[in-house]
Amino acid sequence: MHVVTNRVRRGERVYTSTLLRRSYREGGVVRKETLANLSHLPEELIELIRGALRGQRFVVAGEERSSARCRPGMWRRRF
């Protein structure tokens, strides 16, 4: 899946559409299937969708993250 942004110029106006698509091969020919029209969404949300499809991880703002810490050298066992 991927996000495609199309821009078409008609006279002085520019029309933009953003689509969620899936590409596949059928008999050696590449076909495209439109899964959703994302044109009505804000640009920031479209960029989040693009990033998620690339495998990026996101953290919710205001959410606490905790990490366990240990003293340096304590992870090794001494025999």
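Just so we're clear, the structure is a prediction, and the values are computed from it rather than from any experiment.

S.K.: What exactly am I supposed to notice about the pairing of strand β1 (residues 2-10) here?
M.R.: Looking along a regular strand, one sees side chains alternate from face to face of the sheet. Two strands pair when backbone bridges link them, and β1 and strand β2 (residues 13-26) are joined in this way by nine bridges, in the antiparallel orientation. Within the sheet, the bridge partner assigned to Arg7 lies in β2 and is Thr16. Counting the residues that bridge the hairpin from β1 to β2 gives two residues, and of these Gly11 lies at a positive phi of roughly 70°.

S.K.: Explain the pattern of salt bridges here, please?
M.R.: A side chain of one charge can pair with a side chain of the opposite charge if their charged atoms are brought near each other. Under the counting rule described, the total for this entry stands at three salt bridges. Note that Arg31 is salt-bridged to Glu26, the shortest N-O span being 3.7 Å. Ionic pairing is found between Glu47 and Arg50, a salt bridge with its closest N-O pair at 2.8 Å. Of this pair, Glu47 and Arg50 are both found in helix α1 (residues 43-54), three residues apart, which corresponds to roughly one turn of the helix. For Glu47, a relative accessible area of 39% puts it in the partly exposed group.

S.K.: Even after reading the chapter, I still don't get the sheet that holds β2, so can you show me in this structure?
M.R.: Sheets are built from strands that pair by backbone hydrogen bonding, the pairs being arranged parallel or antiparallel. The three strands lie next to each other as β1-β2-β3, forming an open sheet whose pairing is antiparallel. The open sheet terminates on both sides in strands that have one partner only, identified here as β1 and β3 (29-37). In this sheet, adjacent strand axes meet at a mean angle of 45° when their direction is disregarded. Packing of α1 onto the sheet brings it into contact with β1 and β2, and relative to β1 it is tilted by some 140°.

Parameters at a glance
Every chain is numbered independently, its residues counted from 1 as its sequence is written. A pLDDT threshold of at least 70 governs which residues receive local features in this predicted model, and a stricter bar of 80 or more applies before side-chain atom pairs are shown or counted, although totals over entire chains, interfaces and linings include all residues. Neither water nor hydrogens contribute to the side-chain values; these are computed over all heavy atoms in the structure. By this definition, two strands are paired if DSSP reports at least two bridges between them. Going along the chain from the N terminus, every DSSP run of H or I of four or more residues is numbered as a helix, and every run of E of two or more is numbered as a strand. Salt bridges are defined as contacts in which a side-chain nitrogen from Lys or Arg sits within 4 Å of a carboxyl oxygen from Asp or Glu. Throughout, exposure labels follow a simple rule: accessible area from a 1.4 Å probe, protein chains only, divided by the maximum for the residue type, with under 20% read as buried, over 50% as exposed, and the rest as partly exposed. Axis definition: a line fitted to C-alpha atoms, limited for helices to the stretch in contact. Angles are taken between N-to-C directions and run from 0 to 180 degrees. In this description, contact between two residues means that some pair of their heavy atoms is separated by no more than 4.5 Å.

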